[in-house]
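Structural description and commentary
Read off the chains here:
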Amino acid sequence: DLQEIYLKALPKGTVQNGDGVVRYEKKSNGKGVTVVTDSGKQVDCDVLIGADGIWSAVRSVMRDAPAKGDGSGASYSGYTVFAGELKYDSPDNGQVGYKVYIGPGQYFVITDIGNGNYQWYAFLARPPDSASSTPMPDGSSAYLQGIFEGWSDEIHAILRVTKENEIEQRDLYDRPPSALKS
């Protein structure tokens, strides 16, 4: 994939993962930064790229604001998402890359990610933290099959073969754009 192509083009050790940023300081000459990580390691670098998601620790340090909660700038989107990734013998494998099924307050997406692997997403308009208050005694797959009753057989086919350990649920949060072009 694209990220792999970029990573292979860089000298070994250029990209470092797995050791969170505690703080960073711009160098006095204005060229680069010194980063201090969770492990206490200090790293001098030309560029610090904070590609650590919506709850970015790098952004939090940069803006001196919390990563989550009040003051973070993130707001709940109104949707929770169930996501699955699995090997799947789709009848149209390699022919259709992306399917979207849309209904009131919910939609379902199936994506062919290559080599017989698929991702699916079930977006549901729900209050935040609905995962802790929604009973699913028979598991996420059975719950979703009930929610999408009467929808395409393709949705039910992929849900039936998805194992519970292949399904994750998370609330979706948004941030306003940090840079605008006119």
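Here's a quick rundown of the structure. Each chain carries its own residue numbering, running from 1 in the written order of its sequence. In keeping with the predicted nature of the model, local features appear solely for residues at pLDDT of at least 70, side-chain atom pairs appear and are counted solely at 80 or more, and the whole-chain, interface and lining totals rest on all residues. The side-chain numbers reported here are obtained from all heavy atoms of the structure, hydrogens and water having been left aside.

Okay, unusual backbone geometry next. Positioned with a positive phi, D64 is a non-glycine residue whose angle comes to about 50 degrees. For D64, the location among the structural elements is in the loop between α2 (57-63) and β4 (75-87). Positive phi, close to 60 degrees, is recorded for D129, a residue that is not glycine. Structurally, D129 is set in the loop between β7 (117-125) and α3 (130-133). Segments assigned H or I by DSSP are reported as helices when at least four residues long, segments assigned E as strands when at least two residues long, and all are numbered from the N terminus.

On to a nonpolar patch on the surface. A residue counts toward a patch only above 30% relative accessible area and without a salt bridge, and it is joined to like-charged neighbours within 9 Å or, for Val, Leu, Ile, Met, Phe, Trp and Tyr, to nonpolar neighbours within 5 Å. Note on areas: Shrake-Rupley with a 1.4 Å probe; residue coverage comes only from the protein chains shown. The rule for a salt bridge is simple: a side-chain nitrogen of Lys or Arg has to be within 4 Å of a carboxyl oxygen of Asp or Glu. Side chains of L2, I5 and Y6 sit close together on the surface and give an oily, nonpolar patch of about 360 Å² of accessible area. Mapped onto the elements, I5 comes out in helix α1 (residues 2-9). Only protein chains enter the accessibility calculation, which uses a 1.4 Å probe. A residue is then buried if its area is under 20% of the maximum for its type, exposed if over 50%, and partly exposed in between. Take I5: its relative accessible area is 56%, and that puts it in the exposed class.

Time to look at helix α4 (residues 140-147). Side chains of residues three or four places apart in an α-helix project in the same direction, reflecting 3.6 residues per turn. Among all positions of α4, only S140, S141, Y143 and L144 are buried. Along the axis of α4, the buried residues cluster in a sector spanning 160 degrees; they form a single face. It only takes one pair of heavy atoms within 4.5 Å for two residues to be counted as in contact. The secondary structure elements touched by the buried residues of α4 are β4, β7, α5 (153-161) and β8 (167-174). What the arc measures is the spread of directions leading from the helix axis to the C-beta atoms.

On to the sheet that holds β7, then. Ordered in space as β5-β6-β7-β4-β8, the five strands form an open sheet in which the pairing is antiparallel. This sheet does not close on itself; its edge strands, each paired only once, are β5 (98-103) and β8. Neighbour-to-neighbour, the strand axes of the sheet open up by a mean angle of 20 degrees, direction not taken into account. Each pair of strands is called paired provided DSSP finds at least two bridges between the two strands. Note: β4 against β7, nine bridges, orientation antiparallel. Within the sheet, the bridge partner assigned to A83 lies in β7 and is Y121. The convention used is that axes are lines fitted to C-alpha atoms, helices contributing only their stretch in contact, and that angles between N-to-C directions extend from 0 to 180 degrees. Seen against the sheet, α4 touches β4, β6 (106-114), β7 and β8 and runs at an angle of roughly 60 degrees to β7. Sheet strands touched by α5: β4, β5, β6 and β7. Its angle to β6, the strand with the most contacts, is close to 65 degrees.

The subject of this paragraph is the packing of α4 against α5. α5 packs onto α4 with a crossing angle of 170 degrees between their chain directions and a minimal axis gap of 9 Å. Taken together, the axes of α4 and α5 lie roughly antiparallel to each other. Facing S141, L144 and Q145 of α4, the residues of α5 in contact are H156, L159 and R160. Under the grouping applied here, Gly and all other residues not named as nonpolar or charged are polar, the nonpolar ones being Ala, Val, Leu, Ile, Met, Phe, Trp, Tyr, Cys and Pro and the charged ones Asp, Glu, Lys and Arg. For the contact of α4 with α5, the per-class residue count stands at two nonpolar, three polar and one charged. What sets the label is the angle itself: under 35 degrees gives roughly parallel, over 145 gives roughly antiparallel, 65 to 115 gives roughly perpendicular, and the rest give oblique.

This paragraph deals with the pattern of salt bridges. Within this structure, the stated rule accounts for five salt bridges. As a salt-bridge pair, E25 and R23 come within 4.0 Å of each other at their nearest N and O atoms. Here K27 and D44 are joined by a salt bridge, their closest N and O atoms 3.8 Å apart. Remark: D44 occurs in strand β3 (residues 42-45) and K27 occurs in the loop between β1 (21-26) and β2 (33-37); sequence separation between them is 17 residues. Among the charged side chains, a salt-bridge network with shared partners connects D92, K99 and E154.

Another aspect to go through is the sheet that holds β1. Taken together, the three strands give an open sheet; going across it, the order is β1-β2-β3, and neighbouring strands pair in antiparallel fashion. Strand pairing shows two members of the sheet lacking a second neighbour, β1 and β3, which therefore form its edges. Recorded for the sheet is a direction-independent mean angle of 20 degrees between the axes of neighbouring strands.

Another point: the pairing of β2. Of all five residues that make up β2, five are buried, and the element is covered over most of its length. Residues V33, V35 and T37 of β2 are buried on one face, and the alternating residues T34 and V36, pointing to the opposite face, are buried as well. With five bridges joining them, β1 and β2 adopt antiparallel strand pairing. Paired with R23 across the two strands is V36, which belongs to β2. If you look at the hairpin formed by β1 and β2, you'll find six residues sitting between the two strands, and G30 has a positive phi there, around 80 degrees. By the bridge criterion, four bridges tie β2 to β3 in an arrangement that is antiparallel. The residue of β3 that forms the bridge with V36 is Q42. The hairpin turn running from β2 into β3, its antiparallel successor, is four residues long, and G40 in that turn takes a positive phi close to 95 degrees.

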